[in-house]
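One-letter residues, chain by chain:
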Amino acid sequence: MDSGIIVAVAAGCLTGLAGGILGTWASIRNTKGPRERAFMIRACAVTWIAGLVFLALMFLLPMPWRYLLWIPYRILLPLCIITGNRRQQRIRREETDGA
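Quick caveat, the model's predicted, so the values are computed rather than measured.

### What about the packing of helix 2 (residues 34–60) against helix 4 (residues 70–98)?
In step 1: At a closest axis distance of 10 Å, the pairing of helix 2 and helix 4 adopts a crossing angle of 170 degrees. Relative to helix 4, the element helix 2 is oriented roughly antiparallel. Of the residues in helix 4, those touching helix 2 at Pro34, Arg35, Glu36, Phe39, Met40, Arg42, Phe54 and Met58 are Trp70, Tyr73, Gly84, Arg87, Gln88, Ile91, Arg92, Glu94 and Glu95.
In step 2: When the residues that make up the contact of helix 2 with helix 4 are grouped by side-chain class, the tally is eight nonpolar, two polar and seven charged.

### Focus on the pattern of salt bridges
In step 1: A complete count under the given rule lists three salt bridges for this structure.
In step 2: Close ionic contact of Glu94 with Arg35 constitutes a salt bridge, the shortest N to O distance being 3.0 Å. Here Glu94 is found in helix 4, whereas its partner Arg35 is found in helix 2, with 59 residues between them in sequence.
In step 3: Owing to a relative accessible area of 43%, Arg35 belongs among the partly exposed residues under this scheme.

### With respect to the side chain of Glu95
In step 1: Note on placement: Glu95 falls in helix 4.
In step 2: Comment: no salt bridge for buried Glu95; closest opposite-charge side chain is Arg35, at 5.0 Å.
In step 3: A distance of 3.4 Å separates a polar atom in the side chain of Glu95 from the backbone nitrogen of Glu36.
In step 4: Every residue in contact with Glu95, bar those within four places of it in the chain, is listed here: Lys32, Gly33, Pro34, Arg35 and Glu36.

### Considerations on the packing of aromatic side chains
In step 1: Evaluated as defined, the whole model comprises three aromatic pairs.
In step 2: Ring centres of Phe54 and Tyr73 lie 4.5 Å apart, and the angle between their planes is 25 degrees; on these two criteria the pair is classed as stacked. With Phe54 in helix 2 and Tyr73 in helix 4, this pair connects stretches of sequence that are 19 residues apart.
In step 3: We classify Tyr73 as partly exposed; its relative accessible area is 34%.
In step 4: Clustering of aromatic rings is evident, with ring pairs tying together Phe54, Trp70 and Tyr73.

### Comments concerning the side chain of Thr31
In step 1: Relative to the assigned elements, Thr31 resides in the loop between helix 1 (3–29) and helix 2.
In step 2: A polar contact is formed between the side chain of Thr31 and the backbone oxygen of Ile28, at a distance of 2.9 Å.

### Considering helix 2
In step 1: Given a rise of 1.5 Å per residue, 27 residues ought to cover 39 Å, and the 39 Å separating the end C-alpha atoms of helix 2 matches this to within 8%.
In step 2: Within helix 2 the residues assigned to the buried category are Glu36, Phe39, Met40, Cys44, Phe54 and Met58.

### Regarding helix 4
In step 1: Taking 1.5 Å as the rise per residue, helix 4 with 29 residues should run 42 Å; its terminal C-alpha atoms sit 41 Å apart, in good agreement.
In step 2: The secondary structure elements touched by the buried residues of helix 4 are helix 2.

Rules used throughout
Residues numbered from 1 in each chain as written. Predicted model: local features only at pLDDT ≥ 70, side-chain atom pairs only at ≥ 80, totals over all residues. Heavy atoms only, no water. Axes fitted to C-alpha atoms, helices over the stretch in contact; angles between N-to-C directions. Helix = DSSP H or I, 4+ residues; strand = E, 2+ residues; numbered from the N terminus. Parallel < 35°, antiparallel > 145°, perpendicular 65-115°, else oblique. Contact = heavy atoms within 4.5 Å. Nonpolar A, V, L, I, M, F, W, Y, C, P; charged D, E, K, R; others polar. Salt bridge = Lys/Arg side-chain N within 4 Å of Asp/Glu carboxyl O. Buried < 20%, exposed > 50% of the residue type's maximum accessible area, 1.4 Å probe, protein only. Lys, Arg positive; Asp, Glu negative; His and termini not counted. Polar contact = N/O pair within 3.5 Å; in protein donor to acceptor, adjacent residues only side chain to side chain. Phe/Tyr/Trp six-rings, centres within 6.5 Å; stacked < 30°, edge-to-face > 60°. Expected span 1.5 Å × (residues − 1).

Functional significance is not addressed by these values, which are geometric in nature.
Right under this line is the structure:
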C-alpha cells in the first residue's frame, strides 16, 4: 500500500478522534447543573460505546451484511439525537425552575 494513503487515513482517523474528544469535552463543560452534567456524561459514554460497536461491526461482519448496518444507524442516530436534546432541555428547565 502507498505510504501517502496510509498517512492520509491515519491523519483522518486522528482528526476524527480529536473532534470527538473535543465535542465530548465541550458538551460536558457547557452543562448548567449537576443533573444535566450527569445526563451528559452518560449520554457521551453511550454514544462512544455505540460508535465503537458500530465500527467494530463494520470491520468484523462480512461484506454484504456490513452495509445493512447503515439502515438502523441512519434511523437510530437522528432519533437518539432528538430524544437526547429534548431530555437535556427538560433537565435544564427543571434545574433552573427549581433553583
